[in-house]
Amino acid sequence: MIKQIKTNGYLKGLFYGKIHDEYLFPYPSLKKEEKDIIQSSINSINKFYKTNKKGNSRDFFGSLGVFGLIIPQEYGGAGLSFSSFLHISETISKKSFSDAIGVGIETVMGTVPILLYGNEQTKTTYLPKISKGELKIGFALTEFHAGSDIRSIDTYAQYLPQQKKYKINGKKVWIFLGVDADAFIVLAKMRKPKFEKNRDELSLFLVNRTDGIESGKAEKLSGLNELGVSEIYFNDVEVDESQLLGEEGDGFKNAVNTLNFGRLELAAETLGVLKKISKITTEYALQRKQFGKTISEYGLVQEKIYNMVSDTFILESMLYLTSAFIDAGTEQYAIEAAVCKIFGSESMIKHLDNAIKICSGVSYLATHELSKLLKESRVIYFFQGTNDILKLFIAYSGINKESDTKKELSFLKALTEPLKSLTIFSDILVHKISAATVNNDLDRVNPILKKERDLFLDIVQRFWQTIESAFKKNEKDILKNQFFLKKISQITIKLYSLSAILSRTSETIKTKGGEHSFQEIELTTKIFLAEKKSIIELLDTLIESSEEDIDAIVRDIYKHKGYPFDLI
């Protein structure tokens, strides 16, 4: 397990000429006692889904203690690491994606804010009930005009000093567990004199349904209908001041930090799905015969299955490296969490599509597991933050010198005021990168992976130099160019994937020996060669793409409100 680290974070360091290998080595693993507990729970989960096709999974998870895995023992939980819970989330997702989503909402989005920001009274009152599954708790952030732009929420809270309560009014939309959750974590704008002119002053509350929350009818979705998505309404709902989570005005920071946990949990869910579809696809390919042999022997099928497993290996390596940062008490991991969520969700969709191509007609039957996943999976693009916004966030945050607690707020301001934000980023970046050279030779990488290590160091050096050059040439327009920022994000994701597998494979070689790690070494080598080509292409075209290239055509499309080139 990595030690507690007081630096800017691993990926943040890459933007500033620092490779903090203390984040990478040794690759983390669960302690034996935790591993034994988790393995026992995994066995129980697998047995449950094998023998209870239509059983009440939530009751089972409550009896197994899933909801209390990360809750300290003094509050009735197991007190295990966040990494341990992610292994459970991954396992549940292999069996039921919708169940995993539900467990994630309760165990992460509903529980983490209480763990981190609740006072002792709140923890003592709620956590033991959550641990046993006796209290279902949701997370209410989204409003019709406020999704990725959290600052735009209209729900407001007003403090009533005589009653020592807060009165909340507003409406939240598309809330998972909205129909039947017993309580919600709620983000609200403060209506108080000192906050009236500052739209960023938000607060986080724990609100019981019995406090007066009303729910709309369940929405009919393409999938995940068992999770009771609905609107919820606050009409003069009064909550005790003890139900404020954290300090007044800290709601944005606290909500974003909770989302960072949620993004990693979502990545674990996508990991479970990827492992599931690789099993379904491989088994089908091995038994399906066409033109006299099984389709598993055809190159195009092998390519799809290889890419599926390769991306699964990368995601698994990044996910459990990042979760170990949290377990070690690392303060900044928002960029890494966003990377895992993006890579996991996009890999899941891509390889689900490839699995359907391989399994073909049978997978389109309504009863087939891939057909069900096809309907359920699309939520992953925008759940816990839309991928396009997160890609911009990664680029902004890597460049921005501020801590994680301020990055996302600065990022949202930059989206609306890019020119005012320019000095926040460009002056800092060029000053730092202009003196940057590789500060670390990564000597903790196993010698067997020397070529991959050297290749990584070369790519990182080129990354710094290219960004510096781009800023010097296009300083006034760079932050307005989302294509540039998207490419920065894509490169960052690839650099983190290479970092994670260097760490993991080095540890595998150390544990198993080189001759018994052949497959991992071979896979690592192939991934590096593929990513090298991709990263170089992105760097070579980093400042070529411009929104202005398509602006005129898109404006014409907007004018016609759709396709403007009909032949008739």
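This write-up is about the structure you can find in this document. Because the structure is predicted, anything quoted here is derived from the model rather than measured.

**Some details on the overall build of the protein**
- The helix and strand inventory of the protein stands at 18 helices and ten strands.
- Buried positions account for 56% of the 568 residues belonging to the protein.
- When contacts within the protein are restricted to residue pairs at least 6 apart in sequence, those whose partners lie at least 24 apart make up 77%.

**Here's the deal with the packing of aromatic side chains**
- Under the criterion given, the structure shown has 15 aromatic pairs.
- A cation sits over an aromatic face here: R58 above F67, 5.0 Å from the ring centre.
- The positively charged end of R191 is found above the aromatic ring belonging to Y156, 3.7 Å away from the centroid.

**Some words on the nonpolar core**
- In this structure, F205 and F456 are the most contacted members of the largest nonpolar core, which totals 173 residues.
- With 16 residues, the top contributor of residues to this core is helix 8 (residues 251–287).
- Leaving out residues up to four positions away in the same chain, F205 has contacts with A157, Y166, I168, F184, I185, V186, A188, M190, V239, Q243, L244 and L245.

**Some points on a nonpolar patch on the surface**
- A cluster of nonpolar residues, I553, Y563 and F565, forms a patch on the protein surface that exposes about 360 Å² of accessible area.
- For F565, the position within the fold is in the segment after helix 18 (548–560).

**A few points about the side chain of K341**
- For K341, the location among the structural elements is in helix 10 (residues 334–359).
- E346 provides the closest opposite charge to the buried, salt-bridge-free K341, at an N-O distance of 7.9 Å.
- Among the polar contacts made by the side chain of K341, one reaches the main-chain carbonyl oxygen of I380 at a distance of 2.9 Å.
- Within the structure, K341 has its side chain in polar contact with the backbone oxygen of Y381 (distance 3.1 Å).
- Dropping the residues within four chain positions of it, K341 is found in contact with R263, L266, A267, I380, Y381, F382, F383, G385, N387 and L390.

**Remarks on empty space enclosed by the protein**
- Under the definition given, this model contains one cavity of 30 Å³ or more.
- By volume, the largest cavity amounts to about 30 Å³.
- Forming the walls of the largest cavity are I101, G104, I105, V108, M109, G262, E265, L266, E269, F383 and Q384.
- Contributions of two or more residues to the lining of the largest cavity are made by helix 5 (97–110) and helix 8.
- The biggest single contributor to the lining of the largest cavity is helix 5, with five residues.
- Residues that form the lining of the largest cavity fall into these classes: six nonpolar, three polar and two charged.

**A look at the environment of T111**
- Secondary-structure assignment places T111 in the loop between helix 5 and helix 6 (112–117).
- Apart from residues no more than four positions distant in its own chain, T111 is found in contact with I71, E106, L127 and I130.

About the cut-offs
All residue numbers refer to positions counted from 1 along the written sequence of the respective chain. In view of the model being predicted, local features appear only for residues whose pLDDT reaches at least 70, and side-chain atom pairs are presented and counted only at 80 or more, with totals across whole chains, interfaces and linings using the full set of residues. Side-chain measures were taken over the full set of non-hydrogen atoms in the model, leaving aside hydrogen atoms and water. Secondary structure elements follow DSSP: runs of H or I of four or more residues count as helices, runs of E of two or more count as strands, with numbering from the N terminus. Classification of residues uses two cut-offs on accessible area relative to the type maximum, computed with a 1.4 Å probe and protein chains only: under 20% is buried, over 50% is exposed, and between them is partly exposed. By the convention used here, residues are in contact when the closest approach between their heavy atoms is within 4.5 Å. Pairing of aromatic rings covers Phe, Tyr and the six-membered ring of Trp, with a centre-to-centre limit of 6.5 Å; geometry is then stacked below 30 degrees between planes, edge-to-face above 60, and tilted otherwise. Both a distance and an angle decide whether a charge sits over a ring: NZ of Lys or CZ of Arg must be within 6 Å of the ring centre and within 35 degrees of the ring normal. Residues belong to one nonpolar core when they are buried, are Ala, Val, Leu, Ile, Met, Phe, Trp, Tyr or Cys, and are joined through side-chain atoms within 4.5 Å. What makes a patch is a set of residues exposed beyond 30% relative accessible area and free of salt bridges, joined within 9 Å when like-charged and within 5 Å when nonpolar (Val, Leu, Ile, Met, Phe, Trp, Tyr). Throughout, the Shrake-Rupley method with a 1.4 Å probe supplies accessible areas, and for residues the shown protein chains are the sole cover considered. Salt bridges are identified by distance alone: a Lys or Arg side-chain nitrogen within 4 Å of an Asp or Glu carboxyl oxygen. Here Asp and Glu are counted as negative and Lys and Arg as positive; His is not counted, and neither are the chain ends. Contacts described as polar in this section are N or O atom pairs within 3.5 Å, which, within protein, must combine one atom able to donate a hydrogen with one able to accept it, while residues neighboring in sequence count only if both atoms come from side chains. A cavity here means a set of 1 Å grid points, computed over protein atoms only, where a 1.4 Å probe fits but cannot escape. A pocket is an open set with protein on both sides within 12 Å along at least 5 of 7 lines, and lining residues have an atom within 4 Å of a point. Grid points are joined across faces, edges and corners, and a volume is the space filled by probe spheres set on the points. Residues were grouped as follows: Ala, Val, Leu, Ile, Met, Phe, Trp, Tyr, Cys and Pro as nonpolar; Asp, Glu, Lys and Arg as charged; and all remaining residues, including Gly, as polar.

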